[in-house]
Amino acid sequence: MNSYCSDCKFLNTNDAKCDGIYKCSKSKQYTKACTNGCQSFEKNYGLNAYEKEKLYDLGKKASFDTDNTSIFGNIVVIILLIIAIIVTKVMGL
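Keep in mind it's a predicted model, so treat the numbers as computed, not measured.

(A) Main features of unusual backbone geometry. Despite not being glycine, Lys28 shows a phi value in the positive range, around 65 degrees. Turning to its location among the elements, Lys28 is positioned in the loop between strand E2 (21-24) and strand E3 (30-32). A relative accessible area of 58% means that Lys28 is categorised as exposed.

Have a look at this one:
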């Protein structure tokens, strides 16, 4: 069975970057709840299966949202560059 950060006792859900991305108290870094467990993984017996699944799903949603944001940002930059090239060609610069 796979272990995920959402199942780990070191995942600090009180210190969240956003829903689904929380600070690991062991590595001192923010991580998505859906990330595979690391060598420091220790099972969290304080949460029930529903709460762990909810954290995992929030991590998946955060992963999807952050991936789409970077793609959208790249598209905007490309469009702005194309507009700048067209303007410089029309102005004869």
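There's plenty left to go through after this.
(B) View of the side chain of Asp7. Relative to the elements of secondary structure, Asp7 occurs in the segment before strand E1 (11-18). The contact partners of Asp7, leaving out residues within four places of it in the chain, are Asn2, Phe41, Glu42, Lys43, Asn44 and Lys52.

(C) Up close: the pairing of E1. Two strands pair when backbone bridges link them, and E1 and E2 are joined in this way by 4 bridges, in the antiparallel orientation. Residue pairing across strands places Leu11 opposite Cys24, the latter belonging to E2. Between the end of E1 and the start of E2, which pair antiparallel, lie 2 residues, with Gly20 showing a positive phi angle near 100 degrees.

(D) Molecular detail of the sheet that holds E1. Ordered in space as E1-E2-E3, the 3 strands form an open sheet in which the pairing is antiparallel. The outermost strands of the open sheet, each flanked by one partner alone, are E1 and E3. The sheet shows a mean angle of 50 degrees between the axes of neighbouring strands, direction not considered.

(E) Expanded view of the nonpolar core. With 5 residues, the main nonpolar core is built from Cys5, Leu11, Tyr22, Ala33 and Leu55. The contacts of Leu55, once residues within four sequence positions are left out, are Ser6, Thr13, Tyr22, Ala33 and Leu47.

Conventions adopted
- Residues numbered from 1 in each chain as written.
- Predicted model: local features only at pLDDT ≥ 70, side-chain atom pairs only at ≥ 80, totals over all residues.
- Heavy atoms only, no water.
- Helix = DSSP H or I, 4+ residues; strand = E, 2+ residues; numbered from the N terminus.
- Buried < 20%, exposed > 50% of the residue type's maximum accessible area, 1.4 Å probe, protein only.
- Contact = heavy atoms within 4.5 Å.
- Pairing = 2+ DSSP bridges.
- Axes fitted to C-alpha atoms, helices over the stretch in contact; angles between N-to-C directions.
- Core = buried A, V, L, I, M, F, W, Y, C linked by side-chain atoms within 4.5 Å.

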